[in-house]
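Architecture and fold: a report
This is what each chain is made of:
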Amino acid sequence: MWARTWRSLISAVFLGLLTIGQQASADELTNQFESIKEFLVDTVADSQRVGAATTYALLRDNLAAFRALKARVDQATRIDDMIDELSSELDIIASNFEQAARLRVDYAAHTTQSEAQLAGKRRQTRDAILALDRKVAISQLELQQAQNGTITDPERRKIIISANTSVINSLQTQIAIWSQFEKTQHRLASTLQLSTRKVDLLLFVLEKNAQVYREAANTAQLRQSVRLALNNLQALGAIEGTLADLAASWQEVDQIIGEIGRTELGYVGS
Amino acid sequence: MSAVSPLHKGVFFLLALGIVLCLAGHRYRTQQVESQITWQDVNIALQNVETAKLELFQSLNAKAAVN
């Protein structure tokens, strides 16, 4: 009778320790999963915003300057009479574009850093999958040993088989979720790279605008003709396609981030 | 040399407090705006600049035709 009680007690302790071990490890992985998720959301939010407010303010100033110039042109009887005003407004517009273009270097540095950090998170994700694979291998070995009859005590064998089967199922569910997470991160990294390139292209457009407007401002300073000064500005008209692409690429990034936000790490049987 | 009266002290204190609150408010507003503006907004702003530029050229061409 005592032997039977001891066996039951040892079995209960074994099952308990197995469960506690799984739970502690699962909590650690859950924290890691949540931490990576949070990092991805923050990184995308940063990439969408770094330098944007400053550039936006500069472009709003340029918009106001263009509108003021148009109003002045509409009121003027002879457009060449407003050459002084045009000269100073073009100087402001060029300066604003130049200031915005300088952000390109900072944005590129931020992008490089973000890409390296995202690659680091993917490595962490793959390491987590490998750790889970190792756990599956250990449980499978124990399961095989029990099934092969290495353990003679039938009660203990039954518990080991049932506990390890449950553990393996749970681990495989986790591996599936982590693997999906890794694939989503891969998709996010490439989409984000595309979107940040679009931002770089936009800043490149601003850089070229800065050069063109600076030369137009220099021409206007010669105080000859308004039309002569503004003539070359029309060359930069065809950037609508670039701008439309940028909006679409960020929408895709937002979509992936939405998917990541909805992903939960569910632990079956732990 | 006359000592600073409590009234003056109070006025200076309120003035300093006002400046600190104004600076804190400005900083808060800037942070709020910075946290909201994205590159998509910049994109729209640049589109608006392009439109304003084209409108300016239209006005210039119309004026040149009249002159």
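Everything below is about the structure shown above.
Residues numbered from 1 in each chain as written. Chains lettered and ligands numbered in written order. Predicted model: local features only at pLDDT ≥ 70, side-chain atom pairs only at ≥ 80, totals over all residues. Heavy atoms only, no water.

1. So, the overall build of chain A
Each helix and strand counted, chain A has 7 helices and 0 strands in total. Scanning chain A from its N terminus toward the C terminus, one meets helices and strands in the order α-α-α-α-α-α-α. Counting over 270 residues, chain A shows a buried share of 39%. As displayed, chain A offers around 14,200 Å² of accessible surface, 54% of which is attributable to carbon and sulfur atoms. (Helix = DSSP H or I, 4+ residues; strand = E, 2+ residues; numbered from the N terminus. Buried < 20%, exposed > 50% of the residue type's maximum accessible area, 1.4 Å probe, protein only. Areas by Shrake-Rupley, 256 points an atom, 1.4 Å probe, with all protein chains shown as cover.)

2. A few points about the environment of Glu207(A)
All names here are of chain A. Within the fold, glutamate 207 resides in helix 5 (residues 154-221). On the accessibility criterion, glutamate 207 (24% relative accessible area) is partly exposed. Put simply, glutamate 207 and arginine 102 are 105 residues apart on the chain and 7.8 Å apart in space, counted from C-alpha to C-alpha. Among all residues touching glutamate 207, those that are not within four sequence positions of it are Ala101 and Arg104. (Contact = heavy atoms within 4.5 Å.)

3. Notes on the nonpolar core
Within the largest apolar cluster, 68 residues are counted, with the highest numbers of intra-cluster contacts made by Leu90(A), Trp178(A) and Trp39(B). Breaking this core down by element, the ones donating at least two residues are helix 1 (2-49), helix 2 (52-75), helix 3 (83-101), helix 4 (103-147), helix 5 and helix 7 (240-262) of chain A together with helix 2 (39-66) of chain B. Top element by residues in this core is helix 5 of chain A. It accounts for 19 residues. (Core = buried A, V, L, I, M, F, W, Y, C linked by side-chain atoms within 4.5 Å.)

4. With respect to helix 3 of chain A
With 19 residues, helix 3 of chain A should reach 27 Å at 1.5 Å per residue; the first-to-last C-alpha distance of 26 Å fits that figure. Inspection of helix 3 of chain A places Ile83(A), Leu86(A), Ser87(A), Glu89(A), Leu90(A), Ile93(A), Ala94(A), Asn96(A), Phe97(A), Ala100(A) and Ala101(A) among the buried residues, and these make up the whole buried set. (Expected span 1.5 Å × (residues − 1).)

5. Some words on the interface of chain B and chain A
Contact with chain B, which involves 27 residues of that partner, is made by 43 residues of chain A. Summing the contributions of chain B and of chain A, the shared interface buries around 3,200 Å²; its carbon and sulfur component is 70%. Of all residues in chain B, the largest losses of buried area upon contact with chain A belong to Trp39(B), Leu46(B) and Leu56(B), amounting jointly to 23% of the total for that side. For the interface between chain B and chain A, the tally reads 0 salt bridges. For the pair chain B and chain A, the number of links is 4 residue pairs in polar contact (both at pLDDT 80 or more). Only helix 1 (6-36) and helix 2 of chain B provide two or more residues apiece to the side of chain B that touches chain A. Examining the composition of the side of chain B that touches chain A, we find that 21 residues originate from one element, helix 2 of chain B, more than from any other. The residue makeup of the side of chain B that touches chain A, split by class, is 11 nonpolar, 10 polar and 6 charged. (Buried area = accessible area lost by both parts, 1.4 Å probe. Salt bridge = Lys/Arg side-chain N within 4 Å of Asp/Glu carboxyl O. Polar contact = N/O pair within 3.5 Å; in protein donor to acceptor, adjacent residues only side chain to side chain. Nonpolar A, V, L, I, M, F, W, Y, C, P; charged D, E, K, R; others polar.)

6. A look at the pattern of salt bridges
Residue and element names in this part refer to chain A. A full pass over the atoms with the stated rule returns 10 salt bridges over all chains. The residue glutamate 34 makes a salt bridge to lysine 37 at a minimum N-O spacing of 3.9 Å. Taken as a pair, glutamate 34 and lysine 37 lie in helix 1 at a separation of 3 residues, close to a single helical turn. Take glutamate 34: its relative accessible area is 32%, and that puts it in the partly exposed class. Between aspartate 200 and arginine 104 there is a salt bridge, with the nearest N and O atoms lying 2.9 Å from each other. One end of the pair, aspartate 200, is in helix 5; the other, arginine 104, is in helix 4, and 96 residues separate them in sequence. Here the salt bridges share partners, and the residues they tie into one network are Asp91, Glu98 and Arg214.

7. So, the packing of aromatic side chains
Residue and element names in this part refer to chain A. Under the criterion given, the structure shown has 6 aromatic pairs over all chains. Seen from their ring centres, phenylalanine 33 and tryptophan 178 are 5.1 Å apart, and the 85° between their planes marks the pair as edge-to-face. Taken as a pair, phenylalanine 33 in helix 1 and tryptophan 178 in helix 5 lie far apart in primary sequence, 145 residues in all. Looking at tryptophan 178, the relative accessible area reads 0%, which means it is buried. Relative to phenylalanine 181, the ring of phenylalanine 33 lies with its centre 4.4 Å away and its plane at 40°, an arrangement referred to as tilted. (Phe/Tyr/Trp six-rings, centres within 6.5 Å; stacked < 30°, edge-to-face > 60°.)

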